Amino acid sequence: MAASDRMVLGPLVGSIDQGTSSSRFLVFNAKTAELLSHHQVEIQQKFPKEGWVEQDPKEILKSVHECVERTCEKLQQLNIDITNIKAIGVSNQRETTVVWDKTTGEPLYNAIVWLDLRTQSTVERLLKRIPGKNKAYFKFRTGLPLSTYFSAVKLRWLLDNVEEIRQAVDDGRAMFGTIDSWLIWVCICGKNGGVHCTDVTNASRTMLFNIHSLEWDPELCQFFDIPMEILPKVRSSSEIYGLMKICPSLKSGALTGVPISGCLGDQSAALVGQMCFQDGQAKNTYGTGCFLLCNTGQKSVFSEHGLLTTIAYKLGRDKPVCYALEGSVAIAGAVVRWLRDNLGIVKTSQEVEKLAAEVGTSYGCYFVPAFSGLYAPYWEPSARGIICGLTQFTNKNHIAFAALEAVCFQTREILDAINKDCGIPLNQLQVDGGMTNNKVLMQLQSDILCIPVVKPSMPETTALGAAMAAGAAEGVGIWSLNPGDLTAVTCERFEPQINPEESEYRYARWKKAVLKSMGWETSEAPSNG
């Protein structure tokens, strides 16, 4: 086919969306924000011991490369010229920790995933060094409580337990990064002079970063005993980090020299993709976990109700930093995967919606999926999952319904906390993420919150946010973030359909179930090897 026969769409932006359960590459039209093509590859999670969650950094990389290649092939089949891809953005699962050897380019251990609980004893040891064992001791510097969730304790565990990593640090060969840093380093030259960087949103999830000075904090690094030389350079979320080669194996000739110019942790990316640029705008993303972020503008707001203070974005080197309040729930879509992979009551995730719809009620059954303890607003690592209220009448349909309801109740708890901290109740909830395709879930969510739930017709807002940051970067300049230039998004609305009294009754029962899940696990328990 002659190049002249190809469709001319103007500049395109690619987006690498590396999540906990899958990797994706998506290509957007920079002028219209239309999604033109994408490809997705599910990635394996390893559970070597109870509470441990790992992934292979090389498998993650391979899945990203495969997604890029397949998407480019699909674009060519649509007669779209891939040389029009002018920038690439990266969005990633946050906190997940990788250490690699900069001389060989090889990971020195599997990535420890954000959900992983192996660091509970590390957290307890560190707490003993804090006055009054106060989990919130570093909150005003980092926005975060001391928890297994954040990267610093995972990195501490790796330094304490993996000889190869200790040796590499001593030899000056070790590099630490979250998934964004690993991907950018490899994609921009790798061991032949790769760029070792991260952005402010990902750095703000490590517990080593001062969210006010926007620098690695020497005192925090000293407390966790982390050598600062292994940390990546912190950049804004929208600037050219370096040039990437994509699809070198494509018959069409290599797409070389495309700038990687956007980088946002996945939840910040979704906030940008939902265009929540105003103080008080919020979104909830339903992925492996569930994450509700509320933009607080250029001021950092500290929660009295168990929420995190995090960096929302910094869209350019000279642009101001914006903050958000975040409610983080560990298990959302993961509960559906658990019903599929562990219990085998469904063969596909889509079947859960069908099972739940057949009964339309949990029949008094409540499911608290505290597989990794409870995150916001409780921060209770001792909690474990429970299903209660079972009778001889309960069947798999009721359990499926209770699992979906659990996602909604957890969101309600976070929304209540955000409303208390901000003082202005949200009058609707903007939602995105893979689970929003489940209409039963979306209707349930509206019923339990007693407010409308609004879903954009293009649910890939995380990838869109990273593409917007990449396309708007200085030196790229093909995507305008001026409010007047942002394209209007068509949405689907779900309105509450049950009376508030019933909603409150079910929510009160849920709270009772949550209390029963707490205090289950103690780290003193004898180990089974």
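Keep in mind it's a predicted model, so treat the numbers as computed, not measured.

## Observations regarding the nonpolar core
Then, in step 1: Judged by nonpolar contacts, the single largest core of 141 residues is most densely connected at Leu-146, Phe-224, Tyr-286, Leu-404, Leu-429 and Trp-479.
Then, in step 2: If you tally residues by element for this core, the top one is helix α12 (residues 396-422), at 14 residues.
Then, in step 3: The residues touching Leu-404, leaving out its near neighbours within four places in the chain, are Val-336, Val-352, Ala-356, Met-435, Asn-438, Val-440, Leu-441 and Leu-444.
Then, in step 4: Of all hydrophobic cores here, the second largest spans 36 residues; its members include Cys-67, Val-68, Leu-75 and Trp-100.

## Section: the side chain of Asp-199
Then, in step 1: Relative to the helices and strands, Asp-199 is located in strand β9 (residues 197-199).
Then, in step 2: As a buried residue without a salt bridge, Asp-199 has its nearest oppositely charged side chain in Arg-94, at a separation of 9.4 Å.
Then, in step 3: Within the structure, Asp-199 has its side chain in polar contact with the side chain of Thr-201 (distance 2.8 Å).
Then, in step 4: There is a polar contact of 2.9 Å between the side chain of Asp-199 and the side chain of Ser-237.
Then, in step 5: Excluding residues that lie within four positions of it along the chain, Asp-199 makes contacts with Asp-180, Val-234, Arg-235, Ser-236, Ser-237, Tyr-241, Cys-263, Leu-264 and Gly-265.

## Quick notes on the sheet that holds strand β16 (residues 290-297)
Then, in step 1: Taken together, the 7 strands give an open sheet; going across it, the order is β17-β18-β16-β15-β21-β22-β23, and neighbouring strands pair in mixed fashion. Whereas interior strands pair on both sides, the edge strands pair on one side only; in this sheet they are β17 (308-313) and β23 (491-494). Taking the axes of each pair of neighbouring strands and ignoring which way they run, one obtains an average angle of 30 degrees across the sheet.
Then, in step 2: As judged from the 4 bridges shared by strand β22 (residues 453-456) and β23, these two strands associate in the antiparallel manner. Among the inter-strand pairings, Pro-456 is bridged to a residue of β23, identified as Cys-491.

## Description of the UniProt feature "domain: Carbohydrate kinase FGGY C-terminal" (unreviewed entry) in the protein
Then, in step 1: According to UniProt, the "domain: Carbohydrate kinase FGGY C-terminal" (unreviewed entry) feature falls on residues 283-473.
Then, in step 2: With 37% helix and 21% strand, the stretch residues 283-473 has end C-alpha atoms that lie 24 Å from each other.

## Some details on empty space enclosed by the protein
Then, in step 1: One pass over the full model with this rule turns up 2 cavities of 30 Å³ or more.
Then, in step 2: Forming the boundary of the largest cavity are 14 residues, of which Gln-120, Ser-147, Thr-148, Trp-379 and Pro-381 lie nearest the centre.
Then, in step 3: Its residues assigned to classes, the lining of the largest cavity shows 7 nonpolar, 5 polar and 2 charged.
Then, in step 4: The computed volume of the second largest cavity comes to approximately 90 Å³.
Then, in step 5: The wall of the second largest cavity is formed by 15 residues, among which Val-329, Leu-374, Tyr-375, Ala-376 and Gln-410 lie closest to the centre.
Then, in step 6: Of all elements in the fold, only β18 (322-329), α12 and α15 (500-517) reach the threshold of two or more residues within the lining of the second largest cavity.
Then, in step 7: Looking at the lining of the second largest cavity, its residues break down into 11 nonpolar, 3 polar and 1 charged.

## Some points on helix α1 (residues 57-77)
Then, in step 1: For α1, with 21 residues, the first-to-last C-alpha span of 31 Å sits near the 30 Å given by 1.5 Å per residue.
Then, in step 2: Buried within α1 we find Pro-57, Ile-60, Leu-61, Ser-63, Val-64, Cys-67, Val-68, Thr-71, Cys-72, Leu-75 and Gln-76.
Then, in step 3: One side-chain oxygen of the residue at the start of α1 lies 2.8 Å from the amide nitrogen of Lys-58, identifying that residue as Asp-56.
Then, in step 4: Note on α1: the residue one or two positions beyond its end, Asn-79, has a positive phi of about 65 degrees.

## Quick word on the layout of surface pockets
Then, in step 1: If you add up the space inside the second largest pocket, you get close to 390 Å³.
Then, in step 2: What lines the second largest pocket is a set of 17 residues, among which Leu-315, Gly-316, Lys-319, Pro-320 and Leu-481 lie closest to the centre.
Then, in step 3: Partitioning the lining of the second largest pocket into residue classes produces 9 nonpolar, 4 polar and 4 charged.

## Brief notes about the environment of Glu-106
Then, in step 1: In this structure, Glu-106 sits in the loop between β6 (97-101) and β7 (111-112).
Then, in step 2: Glu-106 gets classed as partly exposed once you look at its relative accessible area, which sits at 36%.
Then, in step 3: Considering only alpha carbons, one finds Glu-106 and Pro-57, 49 residues apart in sequence, at a separation of 9.0 Å.
Then, in step 4: A distance of 2.8 Å separates a polar atom in the side chain of Glu-106 from a polar atom in the side chain of Lys-58.

## A short note on the pattern of salt bridges
Then, in step 1: Counted under the stated rule, the structure contains 34 salt bridges.
Then, in step 2: Note that Arg-235 and Glu-239 form a salt bridge whose closest N and O atoms lie 2.8 Å from each other.
Then, in step 3: Classification of Arg-235 as buried rests on a relative accessible area of 15%.
Then, in step 4: Note on Glu-239: relative accessible area 3%, which makes it buried.
Then, in step 5: Ionic pairing is found between Glu-413 and Lys-511, a salt bridge with its closest N-O pair at 3.7 Å. Of this pair, Glu-413 sits in helix α12 while Lys-511 sits in helix α15, placing them 98 residues apart in sequence.
Then, in step 6: Shared partners join several salt bridges into a network, and the residues in it are Arg-94, Glu-95, Arg-205, Asp-266 and Glu-326.

## Things to note about the pairing of strand β5 (residues 85-92)
If a strand is regular, its side chains alternate between the two faces of the sheet.
Then, in step 1: Here β5 lies mainly inside the structure; 7 of its 8 residues are buried.
Then, in step 2: Here strand β1 (residues 12-18) pairs with β5 via 7 bridges, running parallel. Its bridge partner lying in β5, Ser-15 is registered against Gly-89.

## Digging into the packing of aromatic side chains
Then, in step 1: Considering all chains together, one arrives at 26 aromatic pairs under this definition.
Then, in step 2: Relative to Phe-223, the ring of Phe-138 has its centre 4.9 Å away and its plane inclined at 65 degrees; by these criteria the two rings are edge-to-face. One end of the pair, Phe-138, is in the loop between α2 (120-127) and α3 (139-142); the other, Phe-223, is in helix α8 (residues 218-224), and 85 residues separate them in sequence. Like Phe-138, the residue Phe-223 is buried in the burial classification.
Then, in step 3: Ring-pair connections join several aromatic residues into one group, and the members of that group are Trp-114, Tyr-149, Phe-150, Phe-291, Tyr-375 and Trp-379.
Then, in step 4: The ring of Phe-223 carries Arg-129 above its face, with NZ or CZ at 4.5 Å from the centroid.

Definitions and cut-offs
Residues numbered from 1 in each chain as written. Predicted model: local features only at pLDDT ≥ 70, side-chain atom pairs only at ≥ 80, totals over all residues. Heavy atoms only, no water. Core = buried A, V, L, I, M, F, W, Y, C linked by side-chain atoms within 4.5 Å. Buried < 20%, exposed > 50% of the residue type's maximum accessible area, 1.4 Å probe, protein only. Helix = DSSP H or I, 4+ residues; strand = E, 2+ residues; numbered from the N terminus. Contact = heavy atoms within 4.5 Å. Lys, Arg positive; Asp, Glu negative; His and termini not counted. Salt bridge = Lys/Arg side-chain N within 4 Å of Asp/Glu carboxyl O. Polar contact = N/O pair within 3.5 Å; in protein donor to acceptor, adjacent residues only side chain to side chain. Pairing = 2+ DSSP bridges. Axes fitted to C-alpha atoms, helices over the stretch in contact; angles between N-to-C directions. UniProt positions renumbered as here; feature names shortened; annotations may be inferred. 1 Å grid on protein atoms, 1.4 Å probe; cavity = no way out; pocket = protein on both sides within 12 Å on 5 of 7 lines; lining within 4 Å. Points joined across faces, edges and corners; volume = space filled by probe spheres on them. Nonpolar A, V, L, I, M, F, W, Y, C, P; charged D, E, K, R; others polar. Expected span 1.5 Å × (residues − 1). Phe/Tyr/Trp six-rings, centres within 6.5 Å; stacked < 30°, edge-to-face > 60°. Lys NZ or Arg CZ within 6 Å of the ring centre and 35° of its normal.

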